[in-house]
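A look at the structure
This is what each chain is made of:
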Amino acid sequence: MTNEELTGLLQALPLRQLHDLTRGRVHRHFRLGKRRLIEVILSLPPESRSLLEVDVLKPKRQSPHQPSLENSPQPFVAKPTQKKGRGKAKLSASLEPPITVSELLDGLGVPTAQPFHADPWQIEAISKLATNDVIASVPTGSGKTYVAIEATRRALEQDQTVIYTSPLKALSNTKYMEFSQLFGADRVGILTGDRKDNAQAPLLIMTTEILRNLLYDAASGQIDVRLNTLGLVILDESQYLADPERGVVWEETIIFCPSQARLLLLSASIGNPQDLSSWLTSIRAVPCHLIHHQNRSVPLRAGYLHPDGVMVPFFRTRDITKGRGFTFHPETKRLLAQYEGETLGHRNRR
Amino acid sequence: MPPAIHPVQLVEVLRRKQLTPAIVFLTSRRACDEAISAFQRQEGSLPPERTQAIATVLEQLAVDYPSITGHPLMETVAQFGVAAHHAGHLPSWKIAIEELMRQGQLDAVFATTTLAAGVDFPARTVVITQSSVRKARDFSDLTVGEIQQLAGRGGRRGKDFVGFVMITPSPYIDLQVLSKGLTGFPEAIESQFVISYPMVLNLLKAHPLDHIEGILAKSFAQFQLNRRVDVHQNSLDTIHQDMRPFGPRVCTDWISQWQVYDQARRRHSQRRPASQPDPPGTAAKLPFLTPGRVIRVSKGFAVILRQYRSRGQRYPMLSILRAKGTMTESPAMMVNHIYDHVLEFTTLRAFPWCSPTTLSHLTHELTQLPSNLPVLPVLADEEQQNEESLTPVLTDEFACPTCPSQPACRKDHAVALRLRQKEKGIIKTIHALRTGLWLRFQKKSHVLHKFGYLTATSELTSEGDWARLIRIDHSLLITELIRMEAFAAIEPALLAAVMAGIAHDDDRPGSYQRMSPGLSTMLHQVRAVADSLASYEDPPLLRTDVAALTEQWISQPTLSWANLVRKTAMAEGDVYRLFARTIEFLSQIQTLKISHPSLAETAISAITTMRREVLEELP
Ligand SMILES: Nc1ncnc2c1ncn2[C@@H]1O[C@H](COP(=O)(O)OP(=O)(O)OP(=O)(O)O)[C@@H](O)[C@H]1O
Ligand SMILES: [Mg+2]
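Cut-off values and rules
- Numbering of residues starts from 1 in every chain and runs along the sequence as written.
- Whichever chain is written first becomes A and whichever ligand is written first becomes 1, with later ones labelled in order.
- Reporting of local features is limited, given that this is a predicted model, to residues whose pLDDT is at least 70; pairs of side-chain atoms are given and counted only at 80 or more, and all residues count toward the totals for whole chains, interfaces and linings.
- With hydrogens and water set aside, each side-chain value is computed from the structure's full complement of heavy atoms.
- Residue contacts follow a heavy-atom distance rule, with two residues in contact if any of their heavy atoms lie within 4.5 Å.
- Here the quantity called buried area is the accessible surface, traced with a 1.4 Å probe, that two parts lose on coming together, added over both.
- Any Lys or Arg side-chain nitrogen located within 4 Å of an Asp or Glu carboxyl oxygen qualifies as a salt bridge.
- By the criterion applied in these results, polar contacts are pairs of N or O atoms within 3.5 Å in which, for protein atoms, one can donate a hydrogen and the other can accept it, and in which residues neighboring in sequence qualify only through two side-chain atoms.
- A helix here means a DSSP run of H or I that spans at least four residues, while a strand means a run of E at least two residues long, and both kinds are numbered starting from the N terminus.
- Lys, Arg, Asp and Glu make up the charged group, whereas Ala, Val, Leu, Ile, Met, Phe, Trp, Tyr, Cys and Pro make up the nonpolar group; the residues left over, Gly among them, are polar.
- Should DSSP find at least two bridges between two strands, the strands are regarded as paired.
- Where each domain begins and ends follows an automated or database-derived domain assignment.
- Each residue is tested against the molecule or strand, and it is near if at least one of its non-hydrogen atoms lies within 4 Å.
- Accessible surface area values rest on a Shrake-Rupley calculation with a 1.4 Å probe, where residue burial reflects the displayed protein chains alone.
- To obtain an axis, a line is fitted to C-alpha atoms, over the contacting stretch when the element is a helix, and the angle between two such axes runs from 0 to 180 degrees between their N-to-C directions.
- An angle counts as roughly parallel when it lies under 35 degrees, as roughly antiparallel when it exceeds 145, as roughly perpendicular when it falls between 65 and 115, and as oblique in every other case.
- By convention, the crossing between two helices is left-handed when the near helix turns anticlockwise from the far helix through less than a right angle, and right-handed when the turn is clockwise.
- Under the scheme applied here, a residue whose accessible area is under 20% of the maximum for its type counts as buried, over 50% as exposed, and between as partly exposed, the area being computed with a 1.4 Å probe on protein chains only.

1. Observations concerning the interface of chain B and chain A
- Tallying the contact residues gives 103 residues for chain B and 105 residues for chain A.
- Roughly 9100 Å² is buried in total at the junction of chain B and chain A, and carbon and sulfur atoms are behind 60% of that figure.
- Joining chain B to chain A, the criterion identifies three salt bridges.
- Arg157(B) serves as the salt-bridge partner of Asp119(A), at 2.9 Å between the closest nitrogen and oxygen.
- There are 25 residue pairs in polar contact (both at pLDDT 80 or more) connecting chain B and chain A.
- Ranked by residues supplied to the side of chain B that touches chain A, first place goes to helix H13 (residues 356–368) of chain B with seven residues.
- For the side of chain B that touches chain A, the per-class residue count stands at 46 nonpolar, 35 polar and 22 charged.
- Alignment of strand E10 (residues 300–305) of chain A against strand E7 (residues 163–167) of chain B, held across five bridges, turns out to be parallel. By the bridge assignment, Arg301(A) is partnered in E7(B) with Phe164(B).

Shown next, in the form of structure tokens:
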């Protein structure tokens with residue numbers, strides 16, 4: 001194919017499809033506009049260019065994974081991993097009329113103050129800690145801190161030492177202040193690499209690395225913190241286990257955590273909490289109890305805000321449902337097509 | 001229409017629809033700062049009582065964190081009720097913004113996605129303008145977990161009936177990625193267990209060598225490897241089922257017999273010279289280098305299309321497809337990693353070894369691979385050698401031609417051999433998965449022995465006994481420098497400067513700094529040592545500008561933070577992080593009180609001088 005022929009073909013394609021074509025072929029393709037993309041495509045090495053030409057010539061088919069936003073008259077339904085059997089439910093869902101903006105924004109406001117009632121999962125987590133290690137994998141903002149605080153309170157009442165770790169110094173500092181207010185400054189200590197403030201306190205805050213080091217020192221017989229009375233170790237934001245550089249520290253900490261201490265792992269975003277729980281059960285003295293749910297305590301809705309300030313719902317339905325694919329709101333689809341058209345025009349004019 | 005909504009207009013819309021307070025996630029620190037400058041160019045301001053309330057909170061916080069006083073953005077925050085929050089700011093400033101946000105005093109905070117995890121920072125609305133982030137010098141799509149961490153900050157318990165996530169397009173956005181992130185389930189955690197030198201030393205300090213394998217087996221890494229073993233075990237069971245009809249015949253191992261016979265017969269008739277045996281490393285890899293296998297070559301992922309050996313070539317070759325979509329021929333020994341991941345496809349006998357559609361499909365698959373794909377540990381073993389280079393034997397030494405089982409063997413041999421090769425491959429894989437961690441441990445301990453930190457029986461030497469206390473990145477470099485007395489009688493400023501050079505792993509640009517001749521020489525030496533250790537440990541960046549900046553901070557105790565920051569193009573927050581990390585490194589040296597008392601003293605003195613002004617505000 002000559003450069004002119006290919007340029008012609010590419011020009012005729014919507015931007016979205018150019019991105020699909022260049023995905024994996026052009027570095028950072030999503031940062032480029034149409035004209036730049038075409039230039040880059042033309043300068044591809046011969047092998048990848050010929051592969052791409054094959055793709056360009058392929059009859060246009062709506063692949064379920066990368067649907068084109070333009071020219072799709074029927075409601076646009078993306079089905080990431082949809083099986084045939086689900087088809088019916090899907091169809092009826094998309095036949096319901098799309099919600100309106102006022103429905104989207106309906107019910108917005110500030111609830112009146114309510115007396116505090118712990119959630120069932122919070123109570124479950126706290127009580128299970130008496131006999132089990134616990135993983136609480138619940139959405140952001142659910143109240144994991146409450147579990148940490150109450151579990152700490154119980155351990156302190158029994159004269160146990162409690163260690164709270166977080167991955168970030170910033171978070172440790174926030175918790176240090178919060179816990180000092182709750183339990184009294186004299187009962188809370190904080191450990192960093194070079195500083196030990198109140199290291200003999202029954203509640204110690206530190207980063208996970210510091211705890212790991214402490215456990216190594218203890219294993220080789222040089223204890224300088226009261227680990228023999230350690231009753232509870234809280235690992236906040238434990239999804240850091242998956243961090244490429246630091247994840248290993250969480251594993252070391254869990255492997256060497258003294259067997260008499262209970263482990264409390266808190267996290268919002270883990271895809272396989274069951275695996276984590278089975279792992280803990282397989283290596284720890286007591287079984288691990290998993291608390292896992294996806295229900296947000298404050299419902300979340302999604303909107304689309306156009307650069308000109310127009311706001312429309314993002315999905316057809318008001319609530320964001322998990323694991324059942326999604327359908328864009330027709331208005332979002334329309335505005336987005338317009339956006340792509342106009343930003344394209346904007347670029348071409350330059 | 002502008003390519004993205006103007007920040008001032010964005011906040012206006014959010015205010016009008018009562019969607020404040022909001023967190024607006026932007027792609028870069030610069031974008032956050034520019035959003036704030038856009039407000040500074042505006043007329044209007046908040047009602048005076050709100051401005052006053054914000055100013056009061058900031059004043060109160062300034063009692064504990066003096067660096068907040070006189071912050072250049074203080075007035076803007078109070079006047080417009082908006083702020084920026086990113087890693088370029090000092091921790092004290094971030095604490096102030098977080099506190100204001102918790103109290104509901106701000107309408108919008110423009111933040112980078114580093115805010116995503118761990119900071120207690122809720123709002124009614126979260127605005128998302130991007131679908132990718134810069135990770136390790138490259139842009140990659142946000143993961144489902146990350147998108148949910150971002151969006152999850154929308155809706156404060158007890159303060160909101162509902163929370164919102166507002167998506168606004170910019171040239172950097174892919175709505176598919178975001179929609180999947182909002183409606184999908186977060187990714188599974190994959191273990192990132194790595195065995196480091198300090199880990200080996202500390203394990204061997206506390207446990208006898210024969211306990212170590214058991215301890216490693218307790219890792220989540222091994223737990224997940226065992227899961228993969230189970231899968232392979234299942235396919236092994238299936239293969240054993242399929243192999244039932246091919247059990248012992250006239251000779252017990254008729255498959256090998258026939259193979260040797262068959263090869264000998266052909267060789268005999270063609271009189272081809274016996275092929276050279278492959279080097280052991282490559283030989284062990286060969287059974288895994290099959291079509292569909294994902295591998296790493298020098299420049300990234302690739303998938304194998306076929307394995308072959310040309311007449312003139314001594315070594316086996318691979319036809320591979322790279323992630324860029326290019327097809328290349330590569331000697332099998334150039335493969336850096338073999339992954340435990342196979343892309344299924346139908347092979348063809350002729351170029352390009354599969355259909356063009358498959359090619360593009362494979363290319364796409366390659367780009368979708370996670371960067372932390374599990375590596376298949378391949379063990380080189382001796383048995384393999386013999387098998388690969390079957391010694392040519394003459395045909396008349398075989399009983400096959402006259403054997404009653406001959407017709408059956410001839411018929412079944414191809415199928416049976418393929419099954420058996422598959423079986424062997426899987427058994428190898430299982431073995432590798434079971435012993436991989438232990439093997440890596442042994443490799444590391446071997447190096448430590450070579451350097452004299454471990455005895456031949458894997459006990460800590462006197463050197464190893466203190467070296468285990470250095471539990472940071474580049475530990476080998478640091479302990480080697482200590483052993484070669486590079487730090488003997490060193491000034492605190494110089495020690496800290498070198499540690500800063502080793503500790504700092506950020507490549508955001510700084511500015512040229514004046515440094516003492518002593519530091520200059522010292523950095524040269526350190527670099528030489530680091531390079532000589534390169535095959536055992538990745539060398540640090542050793543940026544001279546950050547080393548020099550650290551040296552100035554310590555050697556000039558009257559230098560103020562404001563003046564220091566003015567000397568460099570680095571953001572204040574980055575300088576703070578550099579110093580905090582340097583203190584962390586120095587504090588490890590400080591633990592060598594018993595073995596290296598004067599060096600530990602120097603470290604303490606460096607830390608004490610470093611901790612002033614801003615660096616004293618937080619533990
Ligand atoms: N049972 C409850 N009833 C009402 N409000 C609660 C309850 N439990 C916790 N909260 C409130 O919910 C808010 C969020 O809690 P918290 O910070 O503990 O969330 P989290 O689960 O730790 O989230 P993240 O993943 O962001 O760390 C807090 O303001 C807390 O006071
Ligand atoms: Mg939390």
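Still more to cover.
2. A look at the domain arrangement of chain A
- Here chain A is partitioned into domain 1 (1–66), domain 2 (88–106 + 298–350) and domain 3 (120–292).
- Using only C-alpha atoms to locate each centre, domain 2 of chain A and domain 3 of chain A end up separated by 41 Å.

3. As for the site of ligand 1
- Close to ligand 1 lie 14 residues; His117(A), Gln122(A), Gly141(A), Lys144(A) and Thr145(A) are nearest.
- Two or more chains meet at ligand 1, and those chains are chains A and B.
- For ligand 1, an oxygen atom lies 2.8 Å from a polar atom in the backbone of Gly141(A).
- When isolated, ligand 1 has an accessible area of 640 Å², and the protein chains bury 73% of it.

4. Structural notes on the pattern of salt bridges
Residue and element names in this part refer to chain A.
- The tally for this structure, following the rule as stated, stands at 30 salt bridges over all chains.
- As a salt-bridge pair, Lys175 and Glu178 come within 3.6 Å of each other at their nearest N and O atoms. Separated by three residues within a single helix, Lys175 and Glu178 lie in helix H9 (residues 169–183), roughly one turn from each other.
- Each of Asp133, Arg262 and Arg284 takes part in salt bridges that share partners, so that together they form one network.

5. Brief notes about the packing of helix H22 (residues 572–590) of chain B against helix H23 (residues 597–610) of chain B
Residue and element names in this part refer to chain B.
- Look at H22 against H23: their axes get within 8 Å of each other, and the N-to-C directions meet at 155 degrees. With respect to their mutual orientation, H22 and H23 come out roughly antiparallel. For the pair H22 and H23, the sense of crossing is left-handed. Along the contact surface, H22 presents Phe579, Thr582, Ile583, Leu586, Ser587, Ile589 and Gln590, while H23 presents Leu599, Ala600, Ala603, Ile604, Ala606, Ile607 and Met610.
- The residue makeup of the contact of H22 with H23, split by class, is 11 nonpolar, three polar and no charged.

6. Describing the sheet that holds strand E12 (residues 337–342) of chain B
Residues and elements named next belong to chain B.
- Sheet architecture is open: five strands sit in the order E11-E10-E9-E8-E12, paired in antiparallel fashion. On the outer flanks of this sheet lie strand E11 (327–331) and E12, each paired with one strand and no other. If you compare each strand with its neighbour and ignore which way they point, the axes differ by 40 degrees on average.
- In terms of strand pairing, strand E8 (residues 293–297) meets E12 through three bridges, oriented antiparallel. From the neighbouring strand, Arg296 faces E12, where its bridge partner is His337.

7. Details of the pairing of E7(B)
Residues and elements named next belong to chain B.
- With five of five residues buried, E7 lies mostly within the body of the structure.
- Burial along E7 is two-sided: Gly163, Val165 and Ile167 facing one way and Phe164 and Met166 facing the other are all buried.
- Relative to E7, strand E4 (residues 125–128) runs parallel, the two being bridged by four bridges. Paired with Val127 across the bridge in E7 is Met166.

8. Notes on the domain arrangement of chain B
- Here the domain parsing of chain B yields domain 1 (7–183), domain 2 (192–249 + 411–453), domain 3 (275–378) and domain 4 (469–617).
- Each of domain 3 of chain B and domain 4 of chain B was reduced to a C-alpha centroid, and the two centroids are 44 Å apart.

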